[in-house]
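Residue strings, one per chain:
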Amino acid sequence: MSKSYRLLVKNAKLVVLICNNGEKFLTKHGMQNLSVIENGSVVIGSDGLIKAVGPAEVIGAQYPEGSFDKVIDASGMCVLPGLVDAHTHPVWAGDRVHEFAMKLAGATYMDVHRAGGGIHFTVEHTRAARSSELLGSLSSRLVRMQRAGTTLVECKSGYGLDLQTEVKMLEVIEEARRTLPINISSTYCGAHATVEEATKDILQVQLPRLKEQMSAGTLRVDNIDVFCEQGVFDLGSTRSILQAGKDLGLNINFHGDELHPMNSAQLGAELGALAISHLEEPRARDMLEAGVIVALGSDFNPNAYCCSMPIVMHLACVNMRMSMPEALAAATINAAYALGRSHTHGSLEVNKHGDLLVLNTTRWEHLIYQLGGHQELIRYVVIKGNIVIDNGKTMDL
């Protein structure tokens, strides 16, 4: 018989809330001054939502341990929100490890693209793959991300470029959403590479079919994405596709200024985009100091095989000169905001999802500092109050 509450995480050396006043995102000084409780506890209810966060003594007096299905004693450990990966391409077939050698030899992204590799190589293999194969590989990738602390992940289509395969990919993402504990935000990315009359096909064939399936309740799609780039989708086509997606109720979350300056930020502002990914023309520090809401994502794809948000945070600190608190905020509350989910995810606050990590260390910064050390550091991964990863005895620090 189920008890009143699902999980108690008690006596943590440090509970990193991120924010505690219902902020939907953090900028500037807010990213540098994260909300933290020393010697804290977290209560997660039977509905998977956080019921209380506070000093261990106060929580202990209010909630008897006998009322919990499970109790984690986090003495000497840190608790922080589950990580949010705001940008991934995890549904595909066709390994591209051979292209890594080409790039190391000096080939650019577009060189590989023109040689028949890149996206079109993956499209060919993804079109030929059965749904069951795609679901199997997607599930294993999502479990790897979960082991590295990701509890909410954005998953794009985009390796079909035709109606049948794009829908197949979105249906695979939907099945993963139904069967796996990890939270998923689904993105239609049919405008990922150009094929003949691509814009017309997306506007007249693919989006109308998505509308039918979404209306029928057989498919849930949250966002729309376009690869706005020279030689791919120009500003005019990008605008038309994004606006059509917005008219269907999808959040605009698109690739911009990845390889060339395209004025994507201006277009995104005009259309009311929720997020723009890549933006490799402006520097991260300039954006942070200007008050831009900066989020992080792994960009997991066959061209960049990274399942680990701790590694992404480390790279953000080393390569983009972000501080560790800025990187953590960008990988939690701000990444959730980029997916329209910061009201339910991204911080440890009452009535948000009970998604959290328990780290076997007295300082949370070790999750970023120790490059590649996350599996030894993460003791538990919890999603909606359920322990989904238990790494057993981990190293002492």
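Residues numbered from 1 in each chain as written. Predicted model: local features only at pLDDT ≥ 70, side-chain atom pairs only at ≥ 80, totals over all residues. Heavy atoms only, no water.

Looking at an unreviewed UniProt entry, one finds the protein chain named Probable imidazolonepropionase, with Etheostoma spectabile as its source organism. For the record of the protein chain, the UniProt heading Sequence similarities (unreviewed entry) holds the text "Belongs to the metallo-dependent hydrolases superfamily. HutI family." Annotation of the protein chain in UniProt includes, under Cofactor (unreviewed entry), the sentence "Fe(3+)". (UniProt positions renumbered as here; feature names shortened; annotations may be inferred.)

**Remarks on the sheet that holds strand β11 (residues 275-278)**
With parallel pairing, 6 strands are arranged side by side in an open sheet as β6-β7-β8-β9-β10-β11. Every other strand in the sheet has two partners, leaving β6 (83-85) and β11 as the edge strands with one partner each. The sheet shows a mean angle of 20° between the axes of neighbouring strands, taken without regard to direction. The pairing of strand β9 (residues 223-226) with strand β10 (residues 251-256) spans 2 bridges and is parallel. Paired with Ile224 across the two strands is Ile252, which belongs to β10. Contacts from helix α9 (residues 235-247) reach β8 (183-191), β9 and β10, with the element oriented near 175° to β9. Docked against the sheet, helix α12 (residues 309-320) engages β6 and β7 (150-156), running at close to 80° with respect to β6. (Pairing = 2+ DSSP bridges. Helix = DSSP H or I, 4+ residues; strand = E, 2+ residues; numbered from the N terminus. Axes fitted to C-alpha atoms, helices over the stretch in contact; angles between N-to-C directions. Contact = heavy atoms within 4.5 Å.)

**So, the packing of α9 against helix α10 (residues 264-271)**
Axis angle and axis distance: for two packed helices, these are the angle between their axes and the distance between the axes, and together they describe the pair. At a closest axis distance of 11 Å, the pairing of α9 and α10 adopts a crossing angle of 30°. Here α10 runs roughly parallel to α9, going by the angle between their axes. When the axes of α9 and α10 are compared, the crossing they make is right-handed. Note on element contacts: α10 touches α9 through Leu267, Glu270 and Leu271, opposite Leu235, Thr238, Arg239, Leu242, Gln243 and Lys246. Residue classes in the contact of α9 with α10 are distributed as 4 nonpolar, 2 polar and 3 charged. (Parallel < 35°, antiparallel > 145°, perpendicular 65-115°, else oblique. Left-handed = near helix turned anticlockwise from the far one by under 90°. Nonpolar A, V, L, I, M, F, W, Y, C, P; charged D, E, K, R; others polar.)

**A closer look at the packing of aromatic side chains**
On inspection of all chains with the given rule, the structure shows 7 aromatic pairs. For the pair Tyr5 and Tyr63, a centre-to-centre distance of 5.3 Å together with 85° between the ring planes defines the contact as edge-to-face. Pair noted here: Tyr5 is in strand β1 (residues 5-18) and Tyr63 is in the loop between α2 (56-62) and β4 (68-73), with a separation of 58 residues, a long-range link. Between the aromatic rings of Phe300 and Tyr305, the centroid separation amounts to 4.7 Å while the plane-to-plane angle is 75°, which identifies the pairing as edge-to-face. Taking the ring centre of Trp92 as reference, the NZ or CZ of Arg141 above it sits at 3.7 Å. (Phe/Tyr/Trp six-rings, centres within 6.5 Å; stacked < 30°, edge-to-face > 60°. Lys NZ or Arg CZ within 6 Å of the ring centre and 35° of its normal.)

**Let's talk about the pattern of salt bridges**
Counting across every chain of the model gives 21 salt bridges. Of the charged contacts in the structure, one is a salt bridge between Glu174 and Arg177, with a shortest N-O distance of 3.2 Å. One end of the pair is Glu174 and the other is Arg177, both in helix α7 (residues 163-179) and 3 residues apart, which spans about a single turn. Grouping residues by exposure puts Glu174 and Arg177 together as buried. Connected via shared salt-bridge partners are Glu174, Glu175, Arg177, Arg178, Arg220, Asp222 and Arg341. (Salt bridge = Lys/Arg side-chain N within 4 Å of Asp/Glu carboxyl O. Buried < 20%, exposed > 50% of the residue type's maximum accessible area, 1.4 Å probe, protein only.)

**Structural notes on the pairing of strand β12 (residues 356-359)**
With burial as the criterion, each face of β12 is covered, one bearing Leu356 and Val358 and the other bearing Leu357 and Leu359. As paired strands, strand β5 (residues 78-81) and β12 are joined by 4 bridges and run antiparallel to one another. Residue pairing across strands places Leu80 opposite Leu357, the latter belonging to β12. Pairing of β12 with strand β13 (residues 378-383), which is carried by 4 bridges, proceeds in the antiparallel orientation. When the bridges of β13 are listed, Leu359 appears paired with Ile378.

**Regarding the domain arrangement of the protein chain**
Here the protein chain is partitioned into domain 1 (5-81 + 346-390) and domain 2 (84-339). At the interface, 35 residues of domain 1 touch 34 residues of domain 2. Across the interface of domain 1 and domain 2, roughly 2,800 Å² is buried in total on both sides, 73% from carbon and sulfur atoms. One can count 0 salt bridges joining domain 1 with domain 2. Inspection of the domain 1/domain 2 interface yields 8 residue pairs in polar contact (both at pLDDT 80 or more). Elements that contribute at least two residues to the side of domain 1 that touches domain 2 include exactly β1, α1 (28-32), β5, α15 (366-369), α16 (374-377), β13 and β14 (386-390). It is β13 that provides the largest number of residues to the side of domain 1 that touches domain 2, a total of 4 residues. When grouped by side-chain class, the residues that make up the side of domain 1 that touches domain 2 number 21 nonpolar, 8 polar and 6 charged. (Domains from an automatic or database assignment. Buried area = accessible area lost by both parts, 1.4 Å probe. Polar contact = N/O pair within 3.5 Å; in protein donor to acceptor, adjacent residues only side chain to side chain.)

**Focus: the environment of Ser46**
Looking at the secondary structure, you find Ser46 in the loop between β2 (35-45) and β3 (50-55). The spacing of Ser46 and Lys384 is 338 residues in sequence and 8.8 Å in space, taken between C-alpha atoms. Leaving out residues up to four positions away in the same chain, Ser46 has contacts with Lys3, Ser4, Tyr5 and Arg6.

**Focus: the packing of helix α8 (residues 198-216) against α9**
Packing of α8 against α9 leaves a shortest axis separation of 10 Å and a crossing angle of 10°. Here α8 lies roughly parallel to α9, going by the angle between them. Every residue of α9 that contacts α8 at Thr199, Ile202, Leu203 and Leu207 is listed here: Ser237, Ser240, Ile241, Ala244 and Gly245. The class makeup of the residues in the contact of α8 with α9 is 5 nonpolar, 4 polar and no charged.

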